[in-house]
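Spelled out from the first residue to the last, the chains are:
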Amino acid sequence: MSDSAARDRDAAETESALSHPPVAPDASASYGSHPDQLIDFYAPRDGRTGAPVVVVLHGGAWRAPYDRQHVSPFADFLARRGFAVASVEYRRGGEIPQQRGSGPVAGRWPETFDDVAAAMDALPALLARELPEADARRIVVTGHSAGGQLALWAAARHVLPEGSPWRLPAPPQLRGVVALAPIADFATAVGLDVCSGAVGQLLGGDEDFADRAAHADPAVLLPTGIATTVVQGTTDIDVPQAVAEAFVDAAAKAGETVGLTLLPEVGHFPLIDPAADACAVVAEELAQLAW
């Protein structure tokens, strides 16, 4: 496929995924005082009780213009498949003095990670209050693109460096992680200039990159001992297949097997597009871990 054809295909897939109207949640709750510290809850549409929980961490290169609204149709799709869904908002890039640039800034350090950690820690109590039909003993985390990085990170907090404010003393109680086209290996992502330098912006520049990467790069936070699957389209030009493969290889070198589901002729956004066949594959991967 030529570069222009690949770009045209990516544009069409993106338009399809973002064409669905936002779906309002059944409930929302704060996990902190900042306006972005919110979780939207979607009850299983079939009315079941004891439903497994899917935590959704949205993508958008950790940049402020992209919020959880664009994954609300995906959250509703999962709710229609019998899951209880918790869609997490978190602080993203903004006007931070040390991270200024000519375009939207990717991420906020340390606030983006503060928020994901706080949301995950608050989740059991919030589920009990807002979504009693959910079974908090069966939680699977998923995330798309930059959200895939955050999902992998949420499952790796017990292997963070000593002294990290986000480190857990024991593995989080998760059934597993399904990372969707994740920015999962920072070195490879930087080499490919994924999302126009987003990783470098997230970590705050060369002087901080190495130190912060040790606390944030899923490819170095291994092994986790938590079941992990990566779902990746082979024609993804936003976060190319090489990034997922580098993470899977890093896991293998650390003695851990990570599942890699490759979807031929699928790009970046069909993974969260309820109108795409790829989205049904994602739901099945989630079900295999949740049930």
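These lines cover the structure that appears in this document, whether it is placed above or below.

The rules behind each value
Within any chain, residue numbers begin from 1 and follow the written order of that chain's sequence. Given that the model is predicted, a residue must reach a pLDDT of at least 70 before its local features are reported, and side-chain atom pairs must reach 80 or more before they are shown or counted; all residues, however, enter totals for whole chains, interfaces and linings. In computing side-chain values, all of the structure's heavy atoms are included and hydrogens and water are not. Burial status follows relative accessibility: with a 1.4 Å probe on protein chains alone, a residue under 20% of its type maximum counts as buried, one over 50% as exposed, and anything between as partly exposed. Labels follow the DSSP assignment, with helices taken as runs of H or I lasting at least four residues and strands as runs of E lasting at least two, numbered in each case from the N terminus. The pairing criterion for strands is at least two bridges between them, as found by DSSP. Here is how to tell: hold the view so the strands point away, follow the path from the first strand over the helix to the second, and if it runs clockwise the crossover is right-handed. Whenever a helix is involved, its axis is fitted only over the stretch in contact; in every case the axis is a line through C-alpha atoms, and angles between N-to-C directions fall within 0 to 180 degrees. Residue contacts follow a heavy-atom distance rule, with two residues in contact if any of their heavy atoms lie within 4.5 Å. What makes a nonpolar core is a set of buried Ala, Val, Leu, Ile, Met, Phe, Trp, Tyr and Cys residues whose side-chain atoms join them at distances within 4.5 Å. Any pair of Phe, Tyr and Trp rings, taking the six-membered ring for Trp, is counted once the centres come within 6.5 Å. Such a pair is stacked with planes under 30 degrees apart, edge-to-face with planes over 60 apart, and tilted for the rest.

## A short note on the pairing of strand β6 (residues 176–180)
At step 1: Among the five residues that make up β6, five are buried, leaving the element largely enclosed by the rest of the structure.
At step 2: Taking every second residue as pointing to the same face, both faces of β6 are buried, with Gly176, Val178 and Leu180 on one and Val177 and Ala179 on the other.
At step 3: Looking at chain direction, strand β5 (residues 134–144) and β6 are connected through five bridges and run parallel. Residue pairing in the sheet places His144 in a bridge with Leu180 of β6.
At step 4: Viewed along the sheet, the connection from β5 through helix α4 (residues 146–154) into β6 turns out right-handed.

## Let's talk about the sheet that holds strand β2 (residues 38–42)
Remark on secondary structure: sheet strands pair via backbone hydrogen bonds, oriented parallel or antiparallel.
At step 1: In spatial order, the strands read β1-β2-β4-β3-β5-β6-β7-β8; together these eight strands make up an open sheet with mixed pairing. Strands at the two margins of the open sheet, each flanked by one partner only, are β1 (27–30) and β8 (259–263). Averaged over all adjacent pairs, the angle separating strand axes in this sheet is 20°, with direction ignored.
At step 2: For strand β7 (residues 228–233) and β8, the ladder comprises five bridges, and the chain directions are parallel. Paired with Gly233 across the two strands is Leu263, which belongs to β8.
At step 3: In the packing of helix α2 (residues 72–80) onto the sheet, the strands contacted are β2, β3 (51–57), β4 (84–88), β5 and β6, and the crossing angle to β2 comes to about 40°.
At step 4: Where helix α3 (residues 111–130) meets the sheet, it contacts β1, β2, β3, β4 and β5, and its direction lies at approximately 40° from that of β2.

## Thoughts on the nonpolar core
At step 1: Counting 67 residues, the largest nonpolar core has Ile39, Phe41, Trp62, Ile183 and Phe186 as the members making the most contacts within it.
At step 2: Within the second largest apolar cluster, 30 residues are counted, among which are Ala17, Val266, Ile272 and Ala287.

## Things to note about the packing of aromatic side chains
At step 1: Under the defined criterion, the tally for this structure stands at seven aromatic pairs.
At step 2: Plain terms: the ring middles of Phe113 and Trp166 are 5.5 Å apart, the flat faces sit at 40° to each other, and that makes the pair tilted. Placement of the pair is Phe113 in helix α3 and Trp166 in the loop between α4 and β6, with a sequence separation of 53 residues. Of the two residues, Phe113 and Trp166, both sit in the buried class.
At step 3: Cluster of aromatic residues (ring-pair linked, three or more members): Trp109, Phe113, Trp153 and Trp166.

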